[in-house]
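Listed below, chain by chain, are the residues.
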Amino acid sequence: MKVKRYIVMAVALAITMSSCRKEPGCIDPNALNYNPDAKVDDGTCLYENPSSTNNNTGSGEPTPYELQIPQLFAQYLPEPYIPEDNPLTVEGVALGKKLFYDPILSGDGTQSCASCHMPDVAFSDTAQFSTGIDGVLGGRNAMPVFNMAWNYGRKFFWDGRALDLEGQALGPVVNPVEMHNTWPNAVAALQNHPDYPALFKAAFGADQIDSMLVVKAIAQFERTLISGNSKFDRYLMGIESLTPQELNGFNIFMDENAGDCFHCHGNPANPLWTDNDFHNNGLDSVFSDLGLGAITGDPNDNGKFKTPSLRNLSYTAPYMHDGRFATLDEVIEHYSTGLKWSPTIDPLMKKVSQGGVQLSAQQKADLKAFLLTLNDDSFVTNPDFRP
Amino acid sequence: MKTLRFIMTVTVVGSIALFSSSCKKREGCTDPNAINYDSKAKVDDGSCEYPTSTTNPTTSTTAKLTFKINHLYNNQAIMFDTILYTNAAGNNHSITRLRYIISNIRLYKSNGDSVMIDGYHFVDYKGDPASDTYAPGVSIPKDNYTGIAFIFGLDSADNISNAYPDLNAANWNWPEMLGGGYHFMQFEGNFIDTTGGTTGFAYHMGTARKITPTDTIFEQNWFLARLQNSSVNITGDATVFINMNLEQWFENPHTWNLDTLNNMMMPNYAAQKLMNDNGRSVFTFGGVQ
């Protein structure tokens, strides 16, 4: 009797325990398979294996890099465009800068991006046409590089033929009149370099360098080239005042009856000072360079070129797609008396039969004074942009 | 033996109590069809909740409208860049650019009330042809509406200088010296002038600046575009078609001659008022689907 009772009790106890024992599982909240209902750790916890994610081994993820957005840009414009497949990182930007200044990308190791896009002159060239490694001249004036992340249309070059900064950087390396290399050669040189493989590993987690990673790094660096600290910016922020001449010049810029520059070249609420669009501004009646038309194949686009920004004009001479104007005076004279009609000339180029807007000598001087307030001296001396 | 039995009893009873309190069967909603179904629950505690019927489409009282604008010249869909068109004044011209902004579409009811879809829509028909379609994503009551109208441009509450980043990026600002805010329209092209040569025109509309001997006044220059015969019975999501009849910018009531009015229209007060008058017949109702 006693034995039976104990057996019953033991069985009852066993049944109670088996139907309601403490649930086993992974009880570590940091684990991938954490089970909040588990009461007893059963050793099944799984953790992210750093060597199995994103190709990164050992060095971990690259560090995000945040753009320093100027106050007026943040206030007036949508967010800058950063492609999802090329976020900005500290390692990527540093690698891009190193590549930008490195002649290793050229066919004979003598020319870098910076050879024709010099920081002293807002990353433009002081020459009308740049000379490639073979001593051959190009056909277009090297464009300055700033505020590229706000080119929402993402078309680059004077004729818009490249999509995205990454796409733009592919061209010069292989252009025969520029760096005259091949991408396999450039990539091999980088792969064999004592430093680059580790830098690409840190920036992209890549064991193998390829052309896309090269242009991604360069594009990251270029996105950091931001110019938003001109005298006129400071005037808009209430920190600095303009002279009466500069203010008058600004009025001429904004007046459809006078300069009417704002329709293409922006206004205080568009701190890019360009519409990033393509126009025929009356340079020629017969084209030697079709510009956008050569890319789209549409004759209605012949003679149209990208509107450049009016920032940093003191640094970016000579002017126009072919650098034909050495001075700002010549540019202003063009719009005043020098317009030439062609079928695709922009309707906003008014009074073409009279050559243009016919500014007086005083108006021209005032307009120039205003344009110079868009210079950003801090941009051309910024040590962050130099090697 | 008694002591042993006592100890055993205490152990068993104590164990049962211990295990029971820390491990009772989990209570909750055990119906898989319920919103708050708890897959770990063993005992239903009556807490189950179910979705309410307002999500059922057949009982919804609202609908969403999409607006599609047809850009016509004398009832033909427009083409850019070729001198194809002749306006009421006899000017032969092309269209090279067409950008404009509409806002605050209203649907009117027979009792005089209206439903307003708050917001603006910016069209760049050449640069972004898909901008001819405006889907505000706003639900309006299903109802029998007597007519549709909208503001061409921005009214005084909305036409705030520099307020809209996307419009700033589009270089759409109207100069402060002319009243600030934004352009309402940039309608551009080329026409054959009296010499037989080609001249450009830039028909730009916005706030109208009036300069008197004593004053500078900035006049609101938007207008309400009323679509004639635009009664619609909205019973579900639908697309409303709006026709923009571009030849009307040059006529009705004022015949507009590009020879005299082709450029520098923005600071031209009289021209801005002519645009406002002519604009009222530009938009017509294209049906609903």
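Note that the structure is a prediction, hence the values are computed from the model and not measured.

Rules used throughout
- Within any chain, residue numbers begin from 1 and follow the written order of that chain's sequence.
- Just so you know, chain letters begin at A and ligand numbers begin at 1, following the order they were written in.
- Totals for whole chains, interfaces and linings use all residues, but because this is a predicted model, local features are given only for residues with pLDDT of at least 70 and pairs of side-chain atoms are given and counted only at 80 or more.
- Excluded from the side-chain calculations are hydrogens and water; all other atoms, namely the structure's heavy atoms, are used.
- We count a stretch as a helix when DSSP gives it H or I for four or more residues in a row; a strand needs E for two or more, and each element gets its number in order from the N terminus.
- Note on contacts: a residue pair qualifies if any of its non-hydrogen atoms lie within 4.5 Å across the two residues.
- The salt bridge criterion pairs a side-chain nitrogen of Lys or Arg with a carboxyl oxygen of Asp or Glu, the two atoms within 4 Å.
- As used here, the term nonpolar core means buried Ala, Val, Leu, Ile, Met, Phe, Trp, Tyr and Cys residues forming a set that is joined through side-chain atoms within 4.5 Å.
- Think of it in three bands: with a 1.4 Å probe and only protein chains considered, a residue is buried below 20% of the maximum accessible area for its type, exposed above 50%, and partly exposed in between.

(A) Quick peek at the overall build of chain B. Helix and strand content of chain B: three helices and 20 strands. Considering only residue pairs separated by 6 or more positions, chain B has 63% of its internal contacts joining residues 24 or more positions apart.

(B) How the structure looks around the pattern of salt bridges. Residue and element names in this part refer to chain A. Counted according to the given criterion, the structure contains 20 salt bridges over all chains. Between Lys350 and Asp260 there is a salt bridge; the shortest N-O distance is 2.3 Å. On the criterion of sequence distance, the pair formed by Lys350 in the loop between helix H13 (328-337) and helix H14 (361-372) and Asp260 in the loop between helix H9 (244-254) and helix H10 (262-265) is long-range, its members being 90 residues apart.

(C) Up close: the nonpolar core. In terms of nonpolar packing, the biggest core is built from 60 residues, with Phe152, Met185, Phe187, Met244 and Trp249 of chain B touching the most fellow members. Considering each element in turn, this core owes the most residues, six residues, to strand E7 (residues 97-108) of chain B. Contacts of Met244 of chain B, omitting those with residues within four sequence positions, involve Ile69, Asn70, His71, Leu72, Leu98, Tyr100, Phe152, Met185, Trp249, Val282 and Phe283 of chain B. Core analysis: the second largest hydrophobic core is formed by 42 residues, Leu99, Cys113, Ala169 and Ala203 of chain A among them.

(D) Geometry of unusual backbone geometry. Along the chain, Ala317 of chain A connects to Pro318 of chain A via a cis peptide bond; the corresponding omega equals -5°. That bond from Asn252 of chain B to Pro253 of chain B is cis: its omega, 10°, falls within 30 degrees of zero. Along the chain, Pro253 of chain B turns up in the loop between strand E19 (238-245) and helix H3 (269-279). One non-glycine residue with positive phi stands out, namely Arg154 of chain A, at about 60°. Along the chain, Arg154 of chain A falls in the loop between helix H3 (90-100) and strand E3 (155-156).

Geometric descriptors of this kind do not, in isolation, establish any biological role.
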